[in-house]
Amino acid sequence: MLELRDVYGGYGKITILNGVSFKIPAGSITTVIGPNGAGKSTVFKAIFGLLQIQSGQILLEGKDVTRQTPRQMIAHGVTYVPQGRNVVPQLSVYHNLELGGITAPDQAKVRQRIEAVMDQFPMLREFRNRKAIELSGGQQKQLEVARSLLLDPKLVLIDEPSIGLSPNIVQEVFHTLICLRDNGVTILMVEQNAKAALAMSDYGLVLELGQARLHDEAKKLLVDTRVGQLFLGGHVHENAAVNAH
Ligand SMILES: Nc1ncnc2c1ncn2[C@@H]1O[C@H](COP(=O)(O)OP(=O)(O)O)[C@@H](O)[C@H]1O
Ligand SMILES: [Mg+2]
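We now examine the overall build of the chain. In terms of helices and strands, the chain carries 11 helices and 10 strands. Over its C-alpha trace the chain gives a radius of gyration of 18 Å, about what one expects of a compact globule, namely 18 Å for 245 residues. Viewed in the frame of its principal axes, the chain has a C-alpha envelope of about 45 × 45 × 35 Å. Here the chain, with 245 residues, has 50% of them falling under the buried criterion. For the chain, the share of sequence-separated contacts (at least 6 apart) that also reach a separation of at least 24 residues comes to 68%. For the chain, the accessible area works out to roughly 11200 Å², and carbon and sulfur atoms hold 52% of it.

As structure tokens, then:
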């Protein structure tokens, strides 16, 4: 569905991606894990057309989409939920959803999609007139995921959705992603919360120093001692903080 072939890229003269190659199948969830600064977010920017790609290729359903603009990537059916909080705090939930469809030529269709998305996320319908800032962190993330669905994507890139959320809310957000996958959407996600994320994923990918190092079924990575030492055991102070909430 998505394939990166030996992608090099970075910021200005600095190369961050040092030949990233991997393939993900349609209708799957893949979680990317790796240390801070490994280039995980940078890979997403490369796919979505936000990065200067020095060499290599990005293929979407066999079609070369290397160096396309974000707008073109959206037209190809790819949406991107960046790291951090990305709702417009003072706008209502409904207006935030509308923003997700702002580039669409057919606004009547966008309004239909908003209704469909609110069916999928009843909480958003209930709070449609509230300001986004009045939602909890998990609800805001759900709003961002919902907003990314307004253009009916085939592939959703989600960067660290669980940051700052308590474990049960993390599970709710993950459950949303599983439902999307079950509806045929392909999901590529970055997560620090490696254990919980791999547990709900089909595949896992370890990125280190701008290269894809290990790529396997998630259940195999969960019992892989190399992954365990680095990401599931000692190093995971961030996870400990999340779990302590
Ligand atoms: N806009 C930017 N300009 C210059 N360097 C950046 C920029 N964004 C990230 N970097 C650098 O790229 C490297 C990889 O960052 P990133 O992809 O955000 O890592 P990760 O998401 O794996 O933690 C880091 O060394 C970071 O400092
Ligand atoms: Mg990152």
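Additional details are given in the paragraphs that follow.
What follows is about the site of ligand 1. Every residue close to ligand 1 is listed here: Tyr 11, Ile 16, Pro 35, Asn 36, Gly 37, Ala 38, Gly 39, Lys 40, Ser 41, Thr 42 and Lys 45. Between ligand 1 and Gly 37, the relevant distance is 2.8 Å, taken from an oxygen atom to a main-chain nitrogen or oxygen of the residue. Note that an oxygen atom of ligand 1 is positioned 2.8 Å from one of the backbone N or O atoms of Lys 40. Here ligand 1 has 560 Å² of accessible area as a free molecule, and 59% of this is covered by the chains. A per-element tally of the shell around ligand 1 places helix H1 (residues 40-48) first, with four residues. In terms of residue class, the shell around ligand 1 is made up of four nonpolar, five polar and two charged.

This part is about the environment of Leu 91. Note on placement: Leu 91 falls in the loop between strand E6 (78-81) and helix H3 (93-100). In sequence terms Leu 91 and Gly 164 are 73 residues apart; their C-alpha atoms lie 22 Å from each other. If we ignore the near neighbours within four places in the chain, the residues touching Leu 91 are Asn 96, Leu 99, Arg 130, Lys 131 and Ala 132.

Moving on: the side chain of Thr 79. Among the secondary structure elements, Thr 79 is positioned in strand E6. Only 3.2 Å separates the side chain of Thr 79 from the backbone oxygen of Ser 148, close enough to count as a polar contact. Ignoring sequence-local partners within four residues, the contact set of Thr 79 consists of Phe 48, Ser 148, Pro 153, Leu 155, Val 156 and Leu 157.

For the pair H3 and helix H4 (residues 107-120), interaxial distance at closest approach is 10 Å and the crossing angle is 125°. The angle between the axes of H3 and H4 places the two elements in the oblique class. As H3 runs across H4, the sense of the crossing is right-handed. In this structure, H3 contributes Tyr 94, Leu 97 and Glu 98 to the contact, and H4 contributes Arg 111, Ile 114, Val 117 and Met 118. For the contact of H3 with H4, the per-class residue count stands at five nonpolar, no polar and two charged.

Turning to the pattern of salt bridges, a few remarks are in order. One pass over the structure, following the stated rule, counts 12 salt bridges. Glu 208 serves as the salt-bridge partner of Arg 213, at 3.6 Å between the closest nitrogen and oxygen. Relative accessible area serves as the criterion here: at 41%, Arg 213 is assigned to the partly exposed category. The closest approach of N and O atoms between Glu 217 and Lys 220, which form a salt bridge, is 3.7 Å. Its relative accessible area of 27% is what places Glu 217 among the partly exposed residues. One salt-bridge network, in which partners are shared between bridges, spans Glu 115, Asp 119 and Arg 125.

Quick notes on the rules
Counting restarts for each chain: residues are numbered from 1 in the order of the written sequence. For this description, chains carry letters from A and ligands carry numbers from 1, given in the order in which they are written. Per-residue local features of the predicted model are confined to residues with pLDDT of at least 70, and side-chain atom pairs are confined, for both listing and counting, to 80 or more; whole-chain, interface and lining totals are unaffected and use all residues. Note: side-chain values were computed over all heavy atoms of the structure, leaving out hydrogens and water. Per the convention used, a helix needs a DSSP run of H or I reaching at least four residues, while a strand needs a run of E reaching at least two, with both numbered from the N terminus. It is over C-alpha atoms that the radius of gyration is taken, and the globule rule equals 2.2 Å times the number of residues to the power 0.38. Think of it in three bands: residues with accessible area under 20% of the maximum for their type are buried, residues over 50% are exposed, and the middle band is partly exposed, with areas taken using a 1.4 Å probe on protein chains only. Two residues form a contact once any of their heavy atoms are found within 4.5 Å. Using a 1.4 Å probe, the Shrake-Rupley method yields the accessible areas, and only the shown protein chains count as cover for residues. By convention in this text, a residue qualifies as near a molecule or strand provided that one of its non-hydrogen atoms is within 4 Å of it. Side-chain atoms alone can form a polar contact between residues adjacent in sequence; in general such a contact is a pair of N or O atoms within 3.5 Å, and within protein one must be able to donate a hydrogen while the other accepts it. Three residue categories are used. Nonpolar comprises Ala, Val, Leu, Ile, Met, Phe, Trp, Tyr, Cys and Pro, charged comprises Asp, Glu, Lys and Arg, and polar comprises the others, including Gly. For every element, the axis is a line fit to its C-alpha atoms; helices are fit only across the contacting stretch, and the angle between N-to-C directions ranges from 0 to 180 degrees. Between 65 and 115 degrees an angle is taken as roughly perpendicular, under 35 as roughly parallel, over 145 as roughly antiparallel, and anywhere else as oblique. Crossing handedness is defined as follows: a turn of the near helix away from the far one that is anticlockwise and smaller than a right angle gives a left-handed crossing, while the clockwise case is right-handed. Any carboxyl oxygen of Asp or Glu that lies within 4 Å of a side-chain nitrogen of Lys or Arg is treated as forming a salt bridge with it.

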